[in-house]
Amino acid sequence: MRLAEKTIIVTGSAAGIGRTMASVFVREGANVIVTDRNEKEAKMVADELGAGAALHVDELSDPAASRRIVEAALSSFGRIDGLVNNAAFIPRSNIHTTDVALFDKVMHINVRAPMLLIQAALPHLTATKGSVLNIGSINAYCGEPPLLGYSVSKGALMTLSRNLGDALFAEYGVRVNQINPGWILTNNEYKLKLADGLPPDWPSRLPVGVAPSGGLIGPETIAQAAIYWLSDESLPISGTVVDLEQYPMIGRNPPKEVST
């Protein structure tokens, strides 16, 4: 088991990538703090995972949440070996619809909360020579037009990862890395596209330019990649950002023919 005896906090673990990561981590021997604002769904996840999981419900827009989450991990398992900053607020907004309140909420949840969680967990991660994994997005590089606030926040998170990846490893032995998933087929993403008017079989009708493999990436792929960064296998790498998409975001050579 690649994560045996490690205690890992996973924010936003009631659904999607976070839920899959929590499940995979427990399967690999870890104890997981299932952390989410959705109490009903988070409890279902924690119950499914059994003794290897503990539940903590909180709201990351509250600056005090970071301390409560860390205390919950220590109360449940007595140590912290890993922190996965996965939770994100993903509103649709552009330059015309991104007001002050929306922008602040995006930054508070997607950037400030990860920083405060790292800050609160640092003494305990130092004791275990632990690892932080921030879950970003390929939107960090420029983003989609209707995801302005979200894209800006993921760019800031990437800078946070690189900055702390250097500063914390050198002084405390704590690694900070980031993975940037591309378009991932989660249950929520499937439902969102249905609401946008796409047909029920839309995942199988994507053009090759969007999904060269023939389909979107699943959450399990991201979870398996996360194991490496939280395990001792990735020592001594820190401050690294890895894109997990089917094509390069920079310097891409798109196919000449696109199927529909």
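For the structure itself, look to the data block above.
Structural notes, computed from the coordinates. (Residues numbered from 1 in each chain as written. Predicted model: local features only at pLDDT ≥ 70, side-chain atom pairs only at ≥ 80, totals over all residues. Heavy atoms only, no water.)

## Focus on helix α7 (residues 219–230)
The following threshold applies: The way it works is that DSSP assigns letters per residue, a run of H or I at least four long becomes a helix, a run of E at least two long becomes a strand, and they are numbered from the N terminus. For a helix, the expected span equals 1.5 Å multiplied by the residue count minus one. The classification of residues rests on relative accessible area computed with a 1.4 Å probe and restricted to protein chains. Under 20% of the type maximum is buried, over 50% is exposed, and intermediate values are partly exposed. The arc in question is the one traced by the directions running from the helix axis out to the C-beta atoms. Only heavy atoms matter for contacts: two residues are in contact if any of them lie within 4.5 Å across the pair.
Between the first and last C-alpha of α7 there are 17 Å, a value that for 12 residues agrees with the 16 Å anticipated at 1.5 Å per step. Taken together, the buried positions of α7 are P219, I222, A223, A226, I227, W229 and L230. On an axial view of α7, the arc spanned by its buried residues comes to 165°, and they lie on one face. Close packing links the buried residues of α7 with β1 (7–11), α1 (16–27), β4 (82–85), β5 (131–135), β6 (175–181) and β7 (241–244).

## With respect to the packing of aromatic side chains
What counts, and what does not: Within 6.5 Å between ring centres, the rings of Phe, Tyr and Trp (the latter by its six-membered ring) count as paired, and their orientation is classed by plane angle as stacked under 30 degrees, edge-to-face over 60, tilted in between. By the criterion adopted, a ring carries a charge over it if an Arg CZ or a Lys NZ lies within 6 Å of its centre and within 35 degrees of its normal.
On inspection of all chains with the given rule, the structure shows 3 aromatic pairs. Taken together, a centroid distance of 5.7 Å and an interplanar angle of 15° make the contact between W183 and W202 stacked. Remark: W202 occurs in the loop between α6 (187–195) and α7 and W183 occurs in the loop between β6 and α6; sequence separation between them is 19 residues. When the ring of Y190 is compared with that of W202, the centres are 6.0 Å apart and the planes differ by 20°; the resulting orientation is stacked. Here Y190 is found in helix α6, whereas its partner W202 is found in the loop between α6 and α7, with 12 residues between them in sequence. Three or more aromatic residues joined by ring pairs form one cluster here, namely W183, Y190 and W202. Directly above the aromatic system of F89 lies the positively charged group of K105, at a separation of 4.5 Å from the ring centroid.

## Here's the deal with the nonpolar core
Stated precisely, the cut-off is as follows: Definition used in this section: a nonpolar core is a set of buried Ala, Val, Leu, Ile, Met, Phe, Trp, Tyr and Cys residues joined via side-chain atoms within 4.5 Å.
Grouped together as the largest cluster of nonpolar side chains are 30 residues, with contacts concentrated most on I8, M21, F25, V34, V84 and L133. Not counting residues within four places of it along the chain, the set of residues in contact with V34 comprises V10, S13, A42, V45, A46, L49, A53, A54, L55 and H56. Formed by 24 residues, the second largest nonpolar core is a distinct cluster that contains A54, I118, A120 and L157.

## A word on the pattern of salt bridges
Rule in force here: In the sections that follow, a salt bridge refers to a side-chain nitrogen of Lys or Arg positioned within 4 Å of a carboxyl oxygen of Asp or Glu.
Scanning the entire structure with this criterion turns up 14 salt bridges. For R19, the salt bridge identified is with E41, shortest N-O distance 3.7 Å. Residue R19 is found in helix α1, and its partner E41 is found in helix α2 (residues 39–49); the two are separated by 22 residues along the sequence. R19 sits in the partly exposed class, given a relative accessible area of 22%. Accessibility expressed as a relative area gives 28% for E41, which makes it partly exposed.

## Remarks on helix α3 (residues 65–77)
In a regular helix each residue adds 1.5 Å, so 13 residues correspond to 18 Å; α3 covers 18 Å between its end C-alpha atoms and thus fits that length. Within the sequence span of α3, burial applies to A65, S66, I69, V70, A72 and A73. Axial view of α3: buried residues confined to an arc of 155°, hence all on one face. The exposed set on the far side of α3, more than 90 degrees from its buried face, consists of E71 and S75. On its buried side, α3 packs onto β1, β2 (31–36), β3 (53–57) and α4 (100–128). Trailing α3 by a residue or two, G78 shows a phi angle of about 80°, which is positive.

## Some points on the side chain of N86
Its location among the elements puts N86 in the loop between β4 and α4. The class for N86 is buried, based on a relative accessible area of 11%. Residues within four places of N86 in sequence aside, it is in contact with T11, G12, I17, G18, M21 and I135.

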